[in-house]
Amino acid sequence: MGKEKGLCLLNGKPLIEYSFDLLKKFCDSIIISSNSKDYEYLGCQIIKDEVQGIGPAGGIYSCLRASGNDENFIISCDMPMITGDLIQYLLSQKKDLDALIPLFNGLPEPLSAFYRRSCIPVFKRSIEQGKYKIQDIIKDTNAGFIPIKTTDPFYSPLLFTNVNTPGDITNLESGIPIK
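Residues numbered from 1 in each chain as written. Predicted model: local features only at pLDDT ≥ 70, side-chain atom pairs only at ≥ 80, totals over all residues. Heavy atoms only, no water.

A. A look at the side chain of Ser67. Tracing the chain through its elements places Ser67 in the loop between α2 (56-66) and β5 (71-75). At 3.0 Å, the side chain of Ser67 forms a polar contact with the backbone nitrogen of Asn69. Side-chain polar atoms of Ser67 contact the side chain of Asn72, separated by 2.6 Å. For Ser67, the residues in contact, after removing those within four places along its chain, are Ile31, Asn72 and Arg117. (Helix = DSSP H or I, 4+ residues; strand = E, 2+ residues; numbered from the N terminus. Polar contact = N/O pair within 3.5 Å; in protein donor to acceptor, adjacent residues only side chain to side chain. Contact = heavy atoms within 4.5 Å.)

B. Expanded view of the pairing of strand β9 (residues 143-148). Residues of β9 alternate between two faces, with Gly144, Ile146 and Ile148 buried on one and Ala143, Phe145 and Pro147 left unburied on the opposite face. As defined by bridge partners, strand β6 (residues 99-104) adjoins β9 across six bridges and the pair is classed as parallel. Following the sheet pairing, Pro102 is matched in β9 by Ile146. (Buried < 20%, exposed > 50% of the residue type's maximum accessible area, 1.4 Å probe, protein only. Pairing = 2+ DSSP bridges.)

See the structure below:
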């Protein structure tokens, strides 16, 4: 993107604020995983990755460790189409699982998912072993996967849209699905 991704504007609003505004409806506290202080204006805790350069696994691990809550919902700042109805649905299905990952078009979406702090030792061990792919890490937890179906009332083909380029933002603003 050429700059801090969460600060890129989508319809005049920074990407990070889509996730932040959504999570405020469900969470007592919000933690942002970032190695930048650019998000301080949101007034919440910013956590640097304890282990640098390993991608989302490092951010999830660090935020789970910093969280004072057993139950945590993780959303990547570059997924602005996630809805409260999806979060509500996932939270209603979490039961006693350590993690609950939605499946969209048959693929796991671990960056918009529920995690308990009980996942911390598994993340720690996996990171120490050089295993950073979240789908591999959660295999060692009591994780569940829940398909998101086209018949779900909150379904949208754009639900898990991931914004990675300025062109993605332009397309999304124009209503063009991002591939």
